[in-house]
Amino acid sequence: MLHEKSCGGIVYRKYHGNTEILLIKHLNSGHWSFPKGHVEEGETEIETAMREIKEETGMDVMIDPTFRELVTYNPKKDTQKVVVYFVAMAKKGSPVAQENEIAEVKWVEITRAADLLAYDNDRCIVNKAKKFIH
């Protein structure tokens, strides 16, 4: 069994009294999820999450390490993947999709995010993040 590890974030902002989170649409699969990516050698989980968020969305963020949620799944029958998610507050700026991986990046009101997300794991993380952010 191969083991993979990625880190990412539920990036949020307060906008006109609402809490919005940043979702990405994957170029290959077309599904909506959160920015994340593989841990590189020598990186901490937080460093990976910050780097991947920046690479995929162009956004600088402040990670809150007190929210740390794990999702485990099998992308292939011989591979187990663990993804560590943090809550991350967006700094100023507008998101820009990473051309070779991301089809679209958009802010979505947190209560409407579950409608777009493809996977139950992601919907569960949003519900936990919603309680944490408010």
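Structure's up top.
A brief report on the enclosed structure follows. (Residues numbered from 1 in each chain as written. Predicted model: local features only at pLDDT ≥ 70, side-chain atom pairs only at ≥ 80, totals over all residues. Heavy atoms only, no water.)

## Points about the pattern of salt bridges
Test applied: Note on definitions: salt bridges are taken to be side-chain nitrogens of Lys or Arg within 4 Å of carboxyl oxygens of Asp or Glu. Think of it in three bands: with a 1.4 Å probe and only protein chains considered, a residue is buried below 20% of the maximum accessible area for its type, exposed above 50%, and partly exposed in between.
One pass over the structure, following the stated rule, counts 10 salt bridges. A salt bridge links E43 to R51, with the nearest nitrogen and oxygen atoms 2.6 Å apart. Here D60 ties to K54 by a salt bridge, and the two come within 3.3 Å at their closest N and O atoms. Taking the relative accessible area as the measure of exposure, D60 reaches 39% and is therefore partly exposed. Residue K54 is classed as partly exposed on the basis of its relative accessible area, which comes to 38%. Taken together, the shared-partner salt bridges connect E40, E43, R51, E52 and E55 into one network.

## Structural notes on unusual backbone geometry
Put simply, the rule is: Only runs of H or I of at least four residues qualify as helices and only runs of E of at least two qualify as strands under DSSP, and these elements are numbered from the N terminus.
Even without glycine at this site, H16 takes up a positive phi of about 50 degrees. By the element assignment, H16 lies in the loop between β1 (2–15) and β2 (18–26). The class of H16 is exposed, set by a relative accessible area of 70%.

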